[in-house]
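Reading the structure
So the chains spell out like this:
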Amino acid sequence: MLSQMATALVPAFGRLTTSADLTAVPAPGILVANHTSLADPGVVLAALRRMDIEPVVLATAGLWRVPVLSHLLNRDGHVPVHRRTSRAAEALETAAAALAAGRHVLIYGEGRIPPRRDASEAAPEAFRSGPARLAAISGACLIPVGQAGSRRLASGSGLKQLAGILTAPVRRPRLHVHVGAPLRLPAEVEAASEAAHRAVTAAWRTAAQHVGEPVAPWSGPVGHTPTPAVPAPPLPRVPTAGRLFGERVPR
C-alpha cells in the first residue's frame, strides 16, 4: 500500500524519470542509495516500483513509535534500525535473512541527510559500514542507486521544506533515479565501503546530469555515458508488500 502511494503521489509533485545500466535488476541484491532529502525515499521507492522492485527497507526505529505506521511496517516486513544501541546489529541479521529469501533490500549508506540548507546537488557523503557489513554476511551483490532532484522538493529549514512541498505541484521539479550495474564488494569493510561509495556516487552523477544539475567533471570509467532519461510507464500492481523509509534529520 505504501509503495503504491509513493507511485501515485510522486508524479503529482515532480517529473520523475528513470534509467538503468541493465534491462533487469537481479535479485537478491542490496540497493544502496544516496540520501539528500526527506522526500527522496518516496522518489526512490516510486522509481523502483516502476522497475518492478519492491524492497525490504532498513528504516529508523523511530517510525515504529507511530501506532498505525508501526503496524504497516511490521506487516510488510520492514527492518527497524536501532542506531547507537546494542540492538543495531539485529537489523543486518534480519536484512540478511530477507536477502536469503530472494528479496531486494534498500539501505542508505550515508545514514543521514546532509546538513546543508541549499537545494543544490552534491556528491554523497562518506558511507557508514552498514552496506559493507551486510554484503559480507549475506554474500549478496551491491546495486548502486543514484537519485537527484529531491532537494528541490524538500530541503533546508522546516518552514522551507513545507513551502517546497506545497509549491512543488506548480513547480514540478525534475526528478531522476538511476540504477547502476551490480558489483561484488571486497571482503575488507573499509575497502568495501569505499567501493560502494564510488559506485553510488557514479549513479548519482548520472542522475544529476539527467536533471540538469551542475556536477564536477566526470571521473568514472572511460567511455561511460548516461543512459537516456525516459519516463517509466506505470506497471501493473503486484502482490508484494508496500515500502517506506525514514531517516533521522541531523541536529
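Here the structure is a predicted model, which is why all the values come from computation and not from measurement.

Remarks on the overall build of the protein
The helix and strand tally for the protein stands at seven helices and seven strands. Mapped in sequence order, the helices and strands of the protein form the string α-β-β-α-β-α-β-α-β-α-β-α-β-α. With 251 residues in all, the protein has 50% of them scored as buried. When contacts within the protein are restricted to residue pairs at least 6 apart in sequence, those whose partners lie at least 24 apart make up 80%. Accessible surface computed for the protein: about 11,600 Å², of which carbon and sulfur atoms make up 61%.

Concerning the nonpolar core
Within the largest apolar cluster, 26 residues are counted, with the highest numbers of intra-cluster contacts made by Ile 30, Val 32, Leu 58, Val 105, Leu 134 and Leu 185. In terms of residue count, the dominant contributor to this core is helix H4 (residues 88-100) (six residues). When neighbours within four sequence positions are excluded, Leu 185 is seen to be in contact with Pro 131, Ala 132, Ala 135, Leu 142, Ala 192, Ala 195 and Ala 196. Residues Val 44, Leu 45, Leu 106 and Ile 143 belong to the second largest nonpolar core, which totals 25 residues.

Describing unusual backbone geometry
Only a minority of non-glycine residues have a phi that is not negative, and only a minority of peptide bonds are not trans. Along the chain, Ala 27 connects to Pro 28 via a cis peptide bond; the corresponding omega equals 0°. Take Pro 28: it is sitting in the loop between strand S1 (15-20) and strand S2 (29-33). Here Asp 52, not a glycine, exhibits a phi torsion of approximately 65°, which is positive. Tracing the backbone through its elements, the reader meets Asp 52 in the loop between helix H2 (40-50) and strand S3 (56-60). With a phi close to 45°, Arg 172 is a non-glycine residue in the positive phi region. On the secondary structure map, Arg 172 appears in the loop between helix H6 (158-171) and strand S7 (174-179). A relative accessible area of 29% means that Arg 172 is categorised as partly exposed.

Notes on the confidence of the model for the protein
Per-residue confidence for the protein gives a mean pLDDT of 83; residues scoring 70 or more make up 85%. Note that pLDDT drops below 50 for residues 218-251; the model gives that stretch 90 contacts with residues more than four away or on any other chain.

Some thoughts on the pairing of strand S5 (residues 104-108)
The two faces of the sheet receive side chains in turn, since in a regular strand these alternate between them. The buried count for S5 comes to five of five residues, which makes it a mostly enclosed element. What you see with S5 is no split at all: His 104, Leu 106 and Tyr 108 on one side and Val 105 and Ile 107 on the other are buried throughout. Of the strand pairs in this sheet, S2 and S5 are connected by five bridges, and their pairing is parallel. Paired with Gly 29 across the two strands is His 104, which belongs to S5. Judged from the two bridges that link them, S3 and S5 form a sheet pairing that is parallel.

Focus on the environment of Ala 207
If you trace the backbone, Ala 207 turns up in helix H7 (residues 189-210). When the C-alpha atoms of Ala 207 and Ala 148 are compared, they prove to be 5.4 Å apart, with 59 residues separating the residues in sequence. With near-sequence residues (within four places) excluded, Ala 207 lies in contact with Gly 146, Gln 147, Ala 148, His 176 and His 178.

Brief notes about the packing of H4 against helix H5 (residues 130-138)
Packing of H4 against H5 brings their axes to within 10 Å, and their N-to-C directions diverge by 50°. One way to sum up the angle between H4 and H5 is to call them oblique. Seen along the crossing, H4 lies across H5 with a hand that is right-handed. Contacts from Leu 92, Glu 93, Ala 95, Ala 96 and Leu 99 in H4 reach Gly 130, Arg 133, Leu 134, Ile 137 and Ser 138 in H5. Grouping the constituent residues of the contact of H4 with H5 by class yields six nonpolar, two polar and two charged.

Overview of the sheet that holds S2
Each strand in a sheet pairs with its neighbour through backbone hydrogen bonds, running either in the same direction (parallel) or in the opposite one (antiparallel). Spatially, seven strands are ordered S1-S7-S6-S2-S5-S3-S4 in an open sheet, and the strand pairing comes out mixed. Strand pairing shows two members of the sheet lacking a second neighbour, S1 and strand S4 (79-81), which therefore form its edges. Across the sheet, the axes of successive neighbouring strands diverge by a mean angle of 25°, strand direction being ignored. In the sheet, S2 pairs with strand S6 (residues 142-148) via four bridges, with the strands oriented parallel.

A closer look at H4
Every buried residue of H4 is accounted for by Ala 91, Leu 92, Ala 95, Ala 96, Ala 98 and Leu 99. Along the axis of H4, the buried positions cluster into a sector of 155°, meaning they face one direction only. Pointing more than 90 degrees away from the buried face of H4 are the exposed residues Glu 93 and Ala 100. In the stretch just after H4, Gly 102 is the one whose phi turns positive, near 95°.

Cut-offs used in this document
- Residues numbered from 1 in each chain as written.
- Predicted model: local features only at pLDDT ≥ 70, side-chain atom pairs only at ≥ 80, totals over all residues.
- Heavy atoms only, no water.
- Helix = DSSP H or I, 4+ residues; strand = E, 2+ residues; numbered from the N terminus.
- Buried < 20%, exposed > 50% of the residue type's maximum accessible area, 1.4 Å probe, protein only.
- Contact = heavy atoms within 4.5 Å.
- Areas by Shrake-Rupley, 256 points an atom, 1.4 Å probe, with all protein chains shown as cover.
- Core = buried A, V, L, I, M, F, W, Y, C linked by side-chain atoms within 4.5 Å.
- pLDDT = per-residue confidence, 0-100.
- Pairing = 2+ DSSP bridges.
- Axes fitted to C-alpha atoms, helices over the stretch in contact; angles between N-to-C directions.
- Parallel < 35°, antiparallel > 145°, perpendicular 65-115°, else oblique.
- Left-handed = near helix turned anticlockwise from the far one by under 90°.
- Nonpolar A, V, L, I, M, F, W, Y, C, P; charged D, E, K, R; others polar.
- Arc of directions from axis to C-beta.

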